[in-house]
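Okay, here's what each chain looks like letter by letter:
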Amino acid sequence: MSKVTGQSLKSASISVRGIVQGVGFRPFVYGLAVEHNLKGWVYNTSEDVKIEVEGETEAVEQFERELETKAPPLAHIENITIEHHPPLGYKNFEIRHSQAQEGKYQLISPDVATCQACLGELLDPEDRRYRYPFTNCTNCGPRFTIIEDMPYDRPKTTMRYFQMCPQCQAEYDNPLDRRFHAQPNACPQCGPQVELVDNQGNMVTELSPIAAASQLLKEGKIVAIKGLGGFLLACDATNDTAVKTLRHRKKRSSKPFAIMVTDIDEAKGHCDVSPEEEDLLTSPQSPIVLMKWKEDSPTSVGVSREVAPNLRFLGVMLPYTPLHHILLRDTGLPLVMTSGNLSEEPIARDNDEALRRLSGIADYFLIHNRDIYSRYDDSVAIVERGTSQLIRRARSYAPYPIRLPFEARQVLGCGAEEKNTFCLTKDQYAFLSQHIGDMENIETLEHFNSTISLYKRLFHIEPEIIAHDLHPDYLATKYARELGESGIKFVHVQHHHAHIASCMADNGLDSPVIGVAFDGTGMGADGNIWGGEFLVADYRNFRRAGHLEYLPLPGGAAAIKRPRRTAIGYILTLLGENALDHDLPVIRGADDMEIGVIKRQLERKINSPLSSSMGRLFDAISALLGIRGEIDYEGQAAVELEMAAYSSVVARRVSGEAISHAQESYPYHIVEGEGMRIVHLSDLLSAVIEDLRQGVSRGRISVKFHNTVAQMINEICHLIADETGITQVALSGGVFQNRLLLRKTVSLLESSGFQVFTHRQVPCNDGGISLGQAVIANFAV
Ligand SMILES: [Zn+2]
Ligand SMILES: [Zn+2]
Ligand SMILES: [Zn+2]
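Residues numbered from 1 in each chain as written. Chains lettered and ligands numbered in written order. Predicted model: local features only at pLDDT ≥ 70, side-chain atom pairs only at ≥ 80, totals over all residues. Heavy atoms only, no water.

Caption draft 1: Fine view of the sheet that holds strand β20 (residues 465-469). In spatial order, the strands read β19-β18-β20-β21; together these four strands make up an open sheet with mixed pairing. Two strands in the sheet have a free side with no partner beyond their single neighbour: β19 (423-432) and β21 (489-493). Ignoring strand direction, the axes of neighbouring strands in this sheet form an average angle of 60°. Bridging between strand β18 (residues 402-413) and β19 involves six bridges; their strand directions are antiparallel. The residue bridging Ile-402 from the neighbouring strand is Ala-430, located in β19. Strands β18, β20 and β21 of the sheet are contacted by helix α12 (residues 475-482), whose axis makes an angle of about 155° with β20. Across the sheet, helix α13 (residues 495-506) touches β18, β20 and β21, and the angle it forms with β18 is around 140°. (Pairing = 2+ DSSP bridges. Helix = DSSP H or I, 4+ residues; strand = E, 2+ residues; numbered from the N terminus. Axes fitted to C-alpha atoms, helices over the stretch in contact; angles between N-to-C directions. Contact = heavy atoms within 4.5 Å.)

Here it is in structure tokens:
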């Protein structure tokens, strides 16, 4: 018997906020209370989990500590408040019914990769869920993609059509079961089922559709597979012909695909996997991780070069649903897994829609009858300098919010054009949407529109301010302007200011920074195309403190698709016609007619917008070296220029040469005045051409060019720091997806005493723009 006296009893009312619903939090609280012999109750509300416990003082204190330290793996606690009061004399501990509250909202768990316990059941022939592709529990499975409204209960999800069998219901009702209140709980008797159909919608087999699909994949067929957030297109990644066929049908000639492999050991066969990369691959988020591809590894099963042509990084992910686990094991091959869409349309979601849109791409469809409510692409991440960074933020990350360093107003940021997202702010949160896509077609605009409605409904947000880009022709800008209801305020935000504010918010900063915003295109405050920008910025304001000199882009959009035009334009503008040596690789790739057109455009200043873009400079150097004169996907010329630098590094390692060119760089010229620095590029361009004439390898020129850009950043940051006293530097914009540049820049800046901030939770590319817009609009008066 415990010697309980009035003095040693304690009682606590506790409120826990964060992701604490649908993640096994109440059973955890129940178990913890019972373990410490505490009485009271726990229940969910629309905004928190409320707990009342009483018992011995020491036990209550222990409970309070362990609430945080022992929380279930998927719980994400934002805030705990505790009040103590005299005990009320509860007789037991119970889980009470949820209570909805008007106007309140809570955070929503993203979808989560299959947990180890569920995987164990899936692979156990004795288990009732053996090979059942919809196995899940409170620690894993679909969440956000099946939620239509809150509070998160089965009738408000796409699981409402499935009535649980008595066994599933018993699991669902038992507080000590791993499936207690697991809303998507299901089994082969009562849950969703898969079916294999051909591209006319005819059922192919009634027996084991997954095994049949595996067989078709082994035969080189393309199979569309319904996953968590939409259809993925799969084929055998070791089969050149299958991969080429997929490219041809999907109209995607060389943009890299990702592969899915059975487990982490297989991933290590294909790539050099660092411990941080392993953690990320095997995390509950289970994103695609871009890692160094072991091309000639004897343990590699030989992934086709067609999967990621000309690249040295391979995007790899592990199975994240039970269906994937079974399929990968049955097939025994690495599979290409790419979004089920035609080039830049949104990912296909419903069975009918997939058959309509993808029947020209896939030979077969592995479909199922659990509806998807939200389209959700796979997330893509890299690990650089030991820290992970998202390149595409979608599955398993959204709609988890970014925590802001201030109390936010209700604002909508509509984003830019490519890789678009939107962002809604409220309280201390920025709800950045999942990756929506390139805003170039009506389907993507509809996806954008309906997802905004969903987020507004789920998080009870009615924006009072709408922020958009300066570019009047972006669909997102037009969308914003059409919401011209009375009382809503519009704020236009300069693209590169948005990039820097996004990086600041990503890092929770609230003091001014030197912002280095390098990307391809963004409309400047002066109407020119910016993209090689040094800003002094905070959330309220920005000032342009430096940039690359303005150079014309002959043909505008045509120059972006054909970097060769940019290169020839730069040579003609900076060095004159005499520099157009016909032995230059870039000239060899162009015909006389094209060169003639470029000259006329430059002379007459027709359709040759001025640009200060760093992305275009990377394009120009890539084309100049004969690496990439025309592109198939955004950023390709710059990416392949980066790859050339690694080839130099690899060659050096192999030959054992001295690292003589590791620090070499090219000259450039900074003109400073009136708080502004302009980088002139003629010296750089003529030095690169001279190296080409001397027969210096492309790899070595690429390394020198990367060194030059890093030095340029460092030098200009010093000049701005001398003027302003600011020593915090934020790096943003798509150019910083270049890992070599990022690494060199960060180490150079840090060794000169700067505090450097890069993106982590939010992409540095235009997928992060809406966050920047929303935080800036929060400070607009
Ligand atoms: Zn599980
Ligand atoms: Zn069942
Ligand atoms: Zn940008």
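Caption draft 2: Structural detail: helix α15 (residues 563-575). In this model α15 runs 18 Å from its N-terminal to its C-terminal C-alpha over 13 residues, within 8% of the 18 Å that 1.5 Å per residue would give. Within α15, 10 of the 13 residues are buried, leaving the element largely enclosed by the surrounding structure. A positive phi of about 85° marks Gly-576, the residue just after α15. (Expected span 1.5 Å × (residues − 1). Buried < 20%, exposed > 50% of the residue type's maximum accessible area, 1.4 Å probe, protein only.)

Caption draft 3: Structural detail: the sheet that holds strand β4 (residues 76-84). Spatially, β4-β1-β3-β2-β5 is the arrangement adopted by the five strands of the open sheet, whose pairing is mixed. Each of the sheet's edge strands pairs with one partner strand only, and the pair in question is β4 and β5 (93-95). Here the strands of the sheet are splayed against their neighbours by 20° on average, with no regard to which way each runs. Helix α1 (residues 25-35) rests against β1 (9-19), β2 (39-44), β3 (49-56), β4 and β5 of the sheet, and its axis sits at about 175° to β5. Where helix α2 (residues 57-69) meets the sheet, it contacts β1, β3 and β4, and its direction lies at approximately 150° from that of β3.

Caption draft 4: Highlighting unusual backbone geometry. The omega torsion across Ala-398 and Pro-399 is 0°, close enough to zero to call that bond cis. For Asp-427, which is not glycine, the phi dihedral falls at a positive 50°. Mapped onto the elements of the fold, Asp-427 is located in strand β19.

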